[in-house]
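These are the residues of each chain, in order.
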Amino acid sequence: MYALAVRTALSDGTVVGLERPLVLAALPMAVVALALLIRYRASGTASTRSRRLLLASRVVVATLIVVAAAGPFTVVTMETQGDPRVSLLVDRSNSTAVSPDVAADLATGIEEEGVPVTVSTVAQGTNSRIGDGIAANLRENGSVVVVSDGQVTGGGSLTETAEFARSLNATISTVATEPTRTERYVTLTGPNKASVGVESRFLVEVSGVEATAPVSVTVSVDGTPVTTEQVDGTGSVPVSYTFSETGSHRITAEIDGQDVYAINDVARKTVRVVDQPRVLYVSRTNYSLRNYLDQLYDVETAESVPSDLSPYYAVVVQNVAAGDMGNVDELQRFVIDGGGLLMVGGPNSFENGNYANSSVASMLPVTFGPSAPGSARIVMLIDVSGSAGSGMRIQKAIALDALSQLNDDNVVGVVGFNYQAYGVAQPAPLSDNRARLEDRIRRLQAGGATNIANGLRGAEEMLGGQRGTVILVSDGGDTESRSAVVANALGRGGIRVIAVGAGRNVNERVLRRIAEESGGNYFRASETDRLRLLFGGGSRQFQGEGLTVVDSGHFITSGVTLESNPGSINDVSMRPGADFLVAGPDGTPAVAAWRYGLGRVATITTYGPNGGLDGLLGRPDSLMITKSVNYAIGDPERKASGVTDISDTRVGEPTTVIYRGESPPSGADLAFSAVDEGVYRAQVTPTEVGFQSVAGATYAANYPAEYAGFGTSSALTDAVQATGGRQFQPGQTAEIADFARQQSTRVRDVRQSWDWALLTAALLLFLTEVVVRRLQVYNGRTRSESGLP
């Protein structure tokens, strides 16, 4: 509490100290003042011996008062006995109906063991704000026992609740209730928009508990069954479908098994089918990419860029030199105004096509020629919280491995964090600083709660307001809410976060979200060699086999598997601020992307012996080609007017309605607000399942999230482990009572202030002295009124 406090430990472990030691400086002045006062007041009326005794007495009184003002205290470690009781928090939400209700028997059994029980309901019906319910019942140094499946559908997460419990030194325990009734639920995923005549792929998944009997899955489009397949218990069914008409289409997936709830036996999805977007393919050679695109889009071909690109959503240029490209200025205006560009390499493009001396160079996310050694400002942000725990050795090993990937010219600092950030090493060039940073990282120790948001703020502070990169090494054991908000702010300030998952139980979802919000990447622990691609500069020594996906979180590369390698690659390097997506065998950027003006630009610089894309046009690699073109196209309805966009949602969860037109649609019972010129937004919250229509658009309202998860959540198990709680079985009432007694008896540091004792002693001494002197006058031993003989 006081920065200048002093303390020392005695041999028995007791800590003795002063909160305000500077107050002791007043003691010599008080002694001098007393000596002068007594000498002046008692001179000639009292003997020397009496004056000395009086001075000694007053010095002792003054000393006691000054020392009391300095704040003396002791800290003793002792075991304190509390009042054992059990706070039983019961989840009565609908998802728990698949398990037996054991709460009443638990409460009775625990009370029979002599420990009082307080029962509270933390979730009910479809409202499973379990994290909020637990947090509301936590007390400092307290303990709660939760009877729940941990399936949170709203409010704070269990990870956040566990961090709050740790800050209070409280524990969360659970009673495991295994499902005994069969319950299945079905989900349906796939594209929200599709092109007419182009095959679309969907995935139906059947999940649940105690589900062993086979069930039939029927998928229908606009009420007409298109496939029926058998699933043994649980599993997935891939479905492909080609829409022949534009407009909104309704897809349902339904299972026929008997279980607890019928509401989640049907999943619904809407797909808005549009005309194939018009794409311009520019090349002087008829490569096979032209035929591939023709299967997916409305493609027109030209040998050079024309003067009018307004009919097109994107332009694909393949192996064309700058001098043969045509109207480059029109292409640049087209992209700036929101159009898309996919530049495909070859022997006559990029460095060999003289792009460097053309205005086309400014549009591309790559530059030409090998990169020169560069200097990036980097902060390594290392998780040293208690959640790292036994995995700290792994975290340090991965941090050291990540450090080894960085070029000597990079300026690197280190920040450690748990619930707050600690500066470990200030930024300095690695050429002079590598050994010191390695030593500092090896010395890190784990402990404390986790707050990634505070760690990110600490890294931002170390960068000193400058642009840079944060390499976050963590298990992600934190809530994503605050950290994602901070990461987004860092990204807007020119600081991207590269998250590296490290530890025994990595929460990839949190780390991916942090990376995405800042415009960075997420790497698994086994992928740290990709840092060499990003920060190796001219000295990078990456050697891969074939093509390597560098950023799997980008739209182009998510879900992509690359098996072929065309063999050649243009000599390019990354432009600052662009997204490095795929690397060639030597680390050269093979696929990159970025935003240019209002438009999107992607480059594919790998090519085969004949200048084409060779094996990249076959499955599974072709998905990357399709997604690259789709990335450049963006919204295939952005040129349309009078169009309403709305996403599917769940009952009770709002969804956003976007309308593009001259004015908001009339007759719609919605409050639209203008968000841009010709763009209006509103919100709608469905109250029942089914397909709904609003402002001329159709959306699906699926069953509530309460029916999309059964069985004990891993998040609840993690919360128990993080807080030092225990997982009990329903019959372990005696064990729960014993645990409550143990939790009420704690070893803790008891602090005791002693200023009151010193002040009391000073007062007693002063009164004793006054009484003695009065008695001397009364008994006639002195004639002095002061009582001094």
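Quick caveat, the model's predicted, so the values are computed rather than measured.

S.K.: Any chance you could explain the overall build of the protein chain here in plain terms?
M.R.: Assigned secondary structure in the protein chain consists of 17 helices and 42 strands. Across its three principal axes, the protein chain shows a C-alpha extent of roughly 130 × 70 × 55 Å. Within the protein chain, the proportion of its 789 residues that are buried is 49%. Relative to all contacts within the protein chain whose residues are 6 or more apart in sequence, the contacts with residues 24 or more apart total 70%. When the accessible surface of the protein chain is summed, it comes to about 35,900 Å², and 48% of that surface belongs to carbon and sulfur atoms.

S.K.: Help me understand unusual backbone geometry in this model?
M.R.: A negative phi holds for most residues other than glycine; trans holds for most peptide bonds. With an omega of 5°, the peptide bond between Arg-619 and Pro-620 qualifies as cis. With respect to the helices, strands and loops of the structure, Pro-620 is situated in the loop between β33 (606-607) and α14 (622-633). Phi is positive for Glu-210, close to 50°, though the residue is something other than glycine. Relative to the helices and strands, Glu-210 is located in the loop between β10 (199-209) and β11 (214-221). Residue Glu-210 is classed as partly exposed on the basis of its relative accessible area, which comes to 45%. With a phi close to 50°, Phe-350 is a non-glycine residue in the positive phi region. For Phe-350, the position within the fold is in the loop between β19 (340-344) and β20 (366-368).

S.K.: Mind showing me how you'd approach the pattern of salt bridges here?
M.R.: For side chains bearing opposite charge, pairing can occur when the charged atoms are close. Across all of its chains, the model carries 22 salt bridges by this definition. Between Glu-637 and Arg-272 there is a salt bridge whose closest N-O contact spans 2.8 Å. Taken together, the positions of Glu-637 in the loop between α14 and β34 (643-646) and Arg-272 in strand β15 (residues 266-274) put the pair 365 residues apart, joining distant regions of the chain. With relative accessibility at 7%, the residue Glu-637 sits in the buried group. Of the residues examined, Arg-272 reaches a relative accessible area of 22% and is grouped as partly exposed. Notably, a salt bridge pairs Arg-333 with Glu-330, separated by 3.3 Å at the nearest N-O pair. Here Arg-333 pairs with Glu-330, and both are found in helix α7 (residues 328-336), just three residues apart, close to one helical turn. Under the relative-accessibility criterion, Arg-333 is labelled partly exposed at 46%. Given the relative accessible area of 13%, Glu-330 is considered buried. Each of Lys-193, Arg-272, Asp-635, Glu-637, Asp-645 and Arg-660 takes part in a single network of salt bridges with overlapping partners.

S.K.: Even after reading the chapter, I still don't get a nonpolar patch on the surface, so can you show me in this structure?
M.R.: Side chains of Leu-763, Phe-766 and Leu-767 sit close together on the surface and give an oily, nonpolar patch of about 270 Å² of accessible area. Along the chain, Leu-767 falls in helix α17 (residues 755-778).

S.K.: What's the story with the sheet that holds β19 in this structure? I'm lost.
M.R.: By way of backbone hydrogen bonds, the strands of a sheet pair with one another, either parallel or antiparallel. Strand order across the open sheet formed by eight strands is β17-β16-β18-β19-β32-β31-β30-β27, with mixed pairing between neighbours. The sheet is open, and its two borders are formed by β17 (298-302) and β27 (548-549), each paired with just one other strand. Two strands pair when backbone bridges link them, and strand β31 (residues 589-596) and strand β32 (residues 599-604) are joined in this way by six bridges, in the antiparallel orientation. The partner of Arg-595 across the bridge, within β32, is Arg-600.

S.K.: Mind showing me how you'd approach the pairing of strand β6 (residues 143-147) here?
M.R.: Look at any regular strand and the pattern is simple: side chains alternate between the two faces of the sheet. Of all five residues that make up β6, four are buried, and the element is covered over most of its length. Here strand β4 (residues 86-93) runs beside β6; their pairing, made up of four bridges, is parallel. By the bridge assignment for β6, Leu-89 is matched with Val-146. By the bridge criterion, four bridges tie β6 to strand β7 (residues 171-175) in an arrangement that is parallel. Among the inter-strand pairings, Val-146 is bridged to a residue of β7, identified as Thr-174.

S.K.: Would you mind showing me how to read the pairing of strand β36 (residues 655-660) here?
M.R.: Pairing geometry for β34 and β36, over four bridges, is antiparallel. Across the sheet, Ile-646 pairs through a bridge with Val-657, a residue of β36. Of the pairings in the sheet, the one linking β36 to strand β38 (residues 679-684) comprises six bridges and is antiparallel in character. Across the sheet, Thr-656 pairs through a bridge with Gln-683, a residue of β38.

S.K.: Whenever I open this one, the nonpolar core confuses me. Can you help?
M.R.: For soluble globular proteins, nonpolar side chains are generally found buried alongside one another. One finds Leu-289, Leu-293, Met-624 and Ile-625 to be the most contacted residues of the largest nonpolar core, which totals 36 residues. If you list the elements that add at least two residues to this core, you get β16 (278-282), α6 (288-294), β18 (314-318), β19, β30 (579-583), β31, β32 and α14. Here the element with the most residues in this core is α14; it accounts for six residues. Those residues in contact with Met-624 that lie beyond four places of it in its chain are Ile-556, Val-560, Leu-562, Val-582, Val-591 and Leu-616. Of all hydrophobic cores here, the second largest spans 32 residues; its members include Ala-425, Leu-437, Leu-444 and Val-550.

S.K.: Explanation requested: the side chain of Thr-649 in the structure shown.
M.R.: Tracing the sequence through the fold places Thr-649 in strand β35 (residues 649-650). Once you skip the residues sitting within four places of it in the chain, Thr-649 turns out to touch Pro-654, Thr-655, Pro-686, Tyr-699, Ala-700, Ala-701 and Asn-702.

S.K.: Please clarify how a negative patch on the surface should be interpreted in this entry.
M.R.: A contiguous patch of negative charge on the surface is contributed by Glu-111, Glu-112, Glu-113 and Glu-735. By the secondary structure assignment, Glu-113 is in the loop between α3 (103-112) and β5 (117-125). A relative accessible area of 35% places Glu-113 in the partly exposed class.

S.K.: When you look at the packing of aromatic side chains in this model, what are you seeing that I'm missing?
M.R.: How two aromatic rings sit relative to each other is given by the distance of their centres and the angle of their planes. Following the criterion strictly, the structure yields 11 aromatic pairs and no others. Arranged with centres 4.9 Å apart and planes meeting at 70°, the rings of Tyr-261 and Tyr-707 form a pair that is edge-to-face. Residue Tyr-261 is found in the loop between β14 (247-255) and β15, and its partner Tyr-707 is found in the loop between β40 (697-702) and α15 (714-723); the two are separated by 446 residues along the sequence. The residues Tyr-261 and Tyr-707 share a single accessibility class, namely buried. Ring centres 6.1 Å apart and planes at 80° place the aromatic pair Tyr-355 and Phe-368 in the edge-to-face group. You can see Tyr-355 sitting in the loop between β19 and β20 and its partner Phe-368 sitting in strand β20, a full 13 residues away along the chain. By relative accessible area, Tyr-355 is classed as buried at 0%. By way of ring pairs, the aromatic residues Tyr-185, Tyr-261, Tyr-707 and Phe-710 are connected into one cluster. Across from the ring centre of Phe-555, 5.1 Å away, lies the NZ or CZ of Lys-627, which sits over that ring. Against the face of Tyr-703 rests Arg-650, its NZ or CZ located 5.1 Å from the ring centre.

S.K.: Explain the sheet that holds β15 to me, please; I cannot follow it from the model alone.
M.R.: Judged by pairing direction, the sheet is mixed, and its five strands sit side by side in the order β9-β15-β14-β11-β12 without closing on themselves. Every other strand in the sheet has two partners, leaving β9 (193-195) and β12 (224-232) as the edge strands with one partner each. Pairwise comparison of adjacent strand axes, ignoring direction, gives a mean angle of 25° for this sheet.

Quick notes on the rules
Residues numbered from 1 in each chain as written. Predicted model: local features only at pLDDT ≥ 70, side-chain atom pairs only at ≥ 80, totals over all residues. Heavy atoms only, no water. Helix = DSSP H or I, 4+ residues; strand = E, 2+ residues; numbered from the N terminus. Buried < 20%, exposed > 50% of the residue type's maximum accessible area, 1.4 Å probe, protein only. Contact = heavy atoms within 4.5 Å. Areas by Shrake-Rupley, 256 points an atom, 1.4 Å probe, with all protein chains shown as cover. Salt bridge = Lys/Arg side-chain N within 4 Å of Asp/Glu carboxyl O. Patch = residues over 30% accessible without salt bridge, like charges linked within 9 Å, V, L, I, M, F, W, Y side chains within 5 Å. Pairing = 2+ DSSP bridges. Core = buried A, V, L, I, M, F, W, Y, C linked by side-chain atoms within 4.5 Å. Lys, Arg positive; Asp, Glu negative; His and termini not counted. Charge placed at Lys NZ, Arg CZ, Asp CG, Glu CD. Phe/Tyr/Trp six-rings, centres within 6.5 Å; stacked < 30°, edge-to-face > 60°. Lys NZ or Arg CZ within 6 Å of the ring centre and 35° of its normal. Axes fitted to C-alpha atoms, helices over the stretch in contact; angles between N-to-C directions.

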